[in-house]
Protein chains: 2
Amino acid sequence: MPRAAVVGTGLVGASVGLALRRQGWHVTGTDRDPARAERAREVGAVDAVGTDPGADLTVVATPVGAVAAEATAALARGPGAVTDVGGVKAPVVAAVGSPRFVGGHPMAGSEQDGVDGASADLFEGATWVLTPTADTDPDAYATVRAAVASLGAEVVALPPERHDEIVAVVSHVPHLTAAALVGLAAEEAGEDPAVLRLAAGGFRDMTRVASGSPTIWPDVCGENRDAIVAALDRLVAALGSVRGVVAAGDRATLLAGLERARAARAGLPARWARPSGLVELRVPVPDRRGVLAEVTTLATDLGVDIADLEIAHAASGDRGVLLLLVDPEAGARLRDGLAERGYRPSVAPLGRP
Amino acid sequence: MPRAAVVGTGLVGASVGLALRRQGWHVTGTDRDPARAERAREVGAVDAVGTDPGADLTVVATPVGAVAAEATAALARGPGAVTDVGGVKAPVVAAVGSPRFVGGHPMAGSEQDGVDGASADLFEGATWVLTPTADTDPDAYATVRAAVASLGAEVVALPPERHDEIVAVVSHVPHLTAAALVGLAAEEAGEDPAVLRLAAGGFRDMTRVASGSPTIWPDVCGENRDAIVAALDRLVAALGSVRGVVAAGDRATLLAGLERARAARAGLPARWARPSGLVELRVPVPDRRGVLAEVTTLATDLGVDIADLEIAHAASGDRGVLLLLVDPEAGARLRDGLAERGYRPSVAPLGRP
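Residues numbered from 1 in each chain as written. Chains lettered and ligands numbered in written order. Predicted model: local features only at pLDDT ≥ 70, side-chain atom pairs only at ≥ 80, totals over all residues. Heavy atoms only, no water.

A few points about the pairing of strand E7 (residues 127-131) of chain B
Residues and elements named next belong to chain B. The buried fraction of E7 amounts to 5 of the 5 residues, a majority that puts the element mostly inside the structure. Sheet analysis places strand E6 (residues 101-106) next to E7, joined by 4 bridges and oriented antiparallel. Residue pairing for E7: His-105 is matched across the bridge by Val-129. Since E7 and strand E8 (residues 154-157) lie parallel, the crossover through helix H5 (residues 138-150) that links them has a hand, and here it is right-handed. (Buried < 20%, exposed > 50% of the residue type's maximum accessible area, 1.4 Å probe, protein only. Helix = DSSP H or I, 4+ residues; strand = E, 2+ residues; numbered from the N terminus. Pairing = 2+ DSSP bridges. Right-handed = clockwise from strand over helix to strand, strands pointing away.)

With respect to the interface of chain A and chain B
Taken together, the contact between chain A and chain B spans 120 residues of the former and 120 residues of the latter. Summed over the shared surface of chain A and chain B, the number is 10 salt bridges. Taking the shortest distance from any N to any O, the salt bridge between Asp233(B) and Arg243(A) comes out at 2.5 Å. For the side of chain A that touches chain B, the leading source of residues is helix H6 (residues 160-189) of chain A, giving 23 residues. Class assignment for the residues of the side of chain A that touches chain B results in 67 nonpolar, 22 polar and 31 charged. (Contact = heavy atoms within 4.5 Å. Salt bridge = Lys/Arg side-chain N within 4 Å of Asp/Glu carboxyl O. Nonpolar A, V, L, I, M, F, W, Y, C, P; charged D, E, K, R; others polar.)

A few points about the pattern of salt bridges
Applying the stated criterion to the full structure yields 36 salt bridges over all chains. For Glu188(A), the salt bridge is made with Arg234(B), and the minimal N-O distance between the two is 2.8 Å. With Glu188(A) in helix H6 and Arg234(B) in helix H9 (residues 225-247), the pair connects residues from two separate chains. For Glu188(A), a relative accessible area of 9% corresponds to the buried category. Judged by relative accessible area, which is 27%, Arg234(B) ranks as partly exposed. A salt bridge links Asp219(B) to Arg251(A), with the shortest nitrogen-to-oxygen separation between them at 3.0 Å.

Thoughts on helix H9 (residues 225-248) of chain A
Spanning 24 residues, H9(A) covers 34 Å between terminal C-alpha atoms, matching the ideal 34 Å at 1.5 Å per step. Regarding H9(A), the residues found buried are Ala227(A), Ile228(A), Val229(A), Ala231(A), Leu232(A), Leu235(A), Leu239(A), Val242(A), Val245(A) and Val246(A). For H9(A), the elements touching its buried residues are H6, helix H8 (217-223) and helix H10 (251-266) of chain A together with helix H6 (160-189), helix H8 (217-223) and H9 of chain B. Just downstream of H9(A), Gly249(A) is the residue with a positive phi angle, here 65 degrees. (Expected span 1.5 Å × (residues − 1).)

Focus on the relation of the copies chain A and chain B
The transform that puts chain A on chain B rotates by 180 degrees and translates by 0.0 Å along the axis, for an RMSD of 0.0 Å. Both copies of the chain, as the preceding transformation shows, are related through a two-fold rotation axis. Among all C-alpha atoms of chain A, that of Met206(A) lies closest to the rotation axis, at 1.9 Å. Comparing interface residues between copies, 100% of those in chain A also lie at the interface in chain B; the contact surface is shared. (Least-squares fit on C-alpha atoms with pLDDT ≥ 70 in both.)

Topic: the environment of Arg41(B)
Residues and elements named next belong to chain B. In this structure, Arg-41 sits in helix H2 (residues 34-42). Expressed as a C-alpha distance, the spacing of Arg-41 and Pro-193, which sit 152 residues apart in the sequence, is 48 Å. Leave out the neighbours within four places in its chain, and Arg-41 touches Val-46, Asp-47, Ala-48 and Val-49. A polar contact is formed between the side chain of Arg-41 and the side chain of Glu-38, at a distance of 2.5 Å. (Polar contact = N/O pair within 3.5 Å; in protein donor to acceptor, adjacent residues only side chain to side chain.)

A short note on the side chain of Asp164(A)
All names here are of chain A. Tracing the sequence through the fold places Asp-164 in helix H6. One polar contact links the side chain of Asp-164 to the main-chain amide nitrogen of Ala-90, over a distance of 2.7 Å. In contact with Asp-164, not counting residues within four places along its chain, are Val-88, Lys-89, Ala-90, Pro-91, Asn-224 and Ala-227.

Interpretation note: all reported values are geometric properties and have no functional meaning in isolation.
Structure follows, in structure tokens:
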């Protein structure tokens, strides 16, 4: 029976424990808060509370600021491989500096924090970045990679610095930007919040990430400082260039830039691996009670399996469009059923396989 | 019978026609494209194709670049009030320069362009900005205001310059910023689009507006140039200040700024006027087939009326949370039903009335 140890039994650590145990591992766990470790045992996320010098794999699932010290301690306890789940990789990999440490970052989270939000399915279909380096021990990497893949995650191997640059661009800086945009809007509204009624669905979508708890961000920004500063500089340069184009009234350059962005956005990978051969059913919907239940209930009645669903708001106003990912035959059935009920659905093939 | 004329029978113009006719108006309409005006007549958006010198109200619903000329022509045709529906107000109001012209901007749109997307309900509950000035004729304003309110819209009166500043901050600059963020991500991905798999649901939400057609933006940016440039300067200054805070490792200032943004985001007005006394049911959901239909079907089975629904993605990863707005009694019923089926819903009172 392979043996694993989890350090930190919050949402991700406890989910790792649940998922590894389901794969037949014996899992030991600790937490800075003994009550939380005990709770992890109660819910079945660990077999026992405590450390395990014989662990083949130790997963450090603490906040990012504590990873290096905990990983170093785990490496000193025994000969197994050690990985972590933190959102910043290069400083941690450098600080630990062991061939048996493989940095990791599962792109998975949950609305619900803590052990009670944990789920053995959390990593099913998720992207899980591993950051081996030239010094990484091949056996340690193989152990970590096999364990992660067995949890249903898709492994993407990247150099630690590259990981940090990418998350700065696609996560950290967008988050800081959303906060800045909300700040500007609040400043603009001043004493008259009614003017924010001019903020349509698009603004709500864009700034939703800023509505989360900010407590993790000082750690993240501290650990990934250099990549974030570099990405902020690039964003400011890009906005400066847009400013120049707008100020000059250069319509052609503006249109070309927005068209490039549109194409790039359309090329974003789907939220999860999409079975090929599906079509997108677009259903403009009014903002009225029950419309979503009506559409999804009809889908259920017609035996249509919805593989993905998004609600996109129009650029202006609050009307939306439901984007339903369905197989072509079911899509035609649902389209006809919706049309009979007064909707105006349209079917489009997906732009990508 | 009050008489109206619509200039431009696209989505908004045709919707105005349908809605005014339902309120008992006689509506005449024209379009640069005669076939589109004829189509508007066929679908009942106008009683007749043509102009109407006796119109009490003319609504100019052309692209923003053509508004001033069309409004001026309408003012010359007869003694009635004239308004428009363009997204930029100050340059248009100044160019037209008539007491009988009242600038307008309904915050309403649809996924589906053109007369075939038109709906008499488009403005139900929408915010509709009117921009009277010190020179505005009170009778003209009263005519426009009463007509707009009769379509179910909520009127917000603002000076034209103030409107333009606000939409620059809550719409135009966020749109340009979303495009810039997508551009950076595409540049970062370079030849390896697989790295964009590190972009989680939050990035998709933030950049969704950039996936729309860019064709309206050269006009919008041209007409609202000064306000957009000023708002871009403010955003760049805000990002520069964040950069300084991150580079200095100033955790307290960073946390305070993000916390202010969180509070401001929570204070954004709801997508539409919310009946008071509702509660928010939060349901963490996995990304698996059918989960949305399951939740909404259960709501239907339990007789629960969903007043609003959002899907929010977790800051990291692809899990989501459904936010359902329901009345407290129904919310408790749905919460219990969901809990029986293995979900972990929680109920929270809305932060605002």
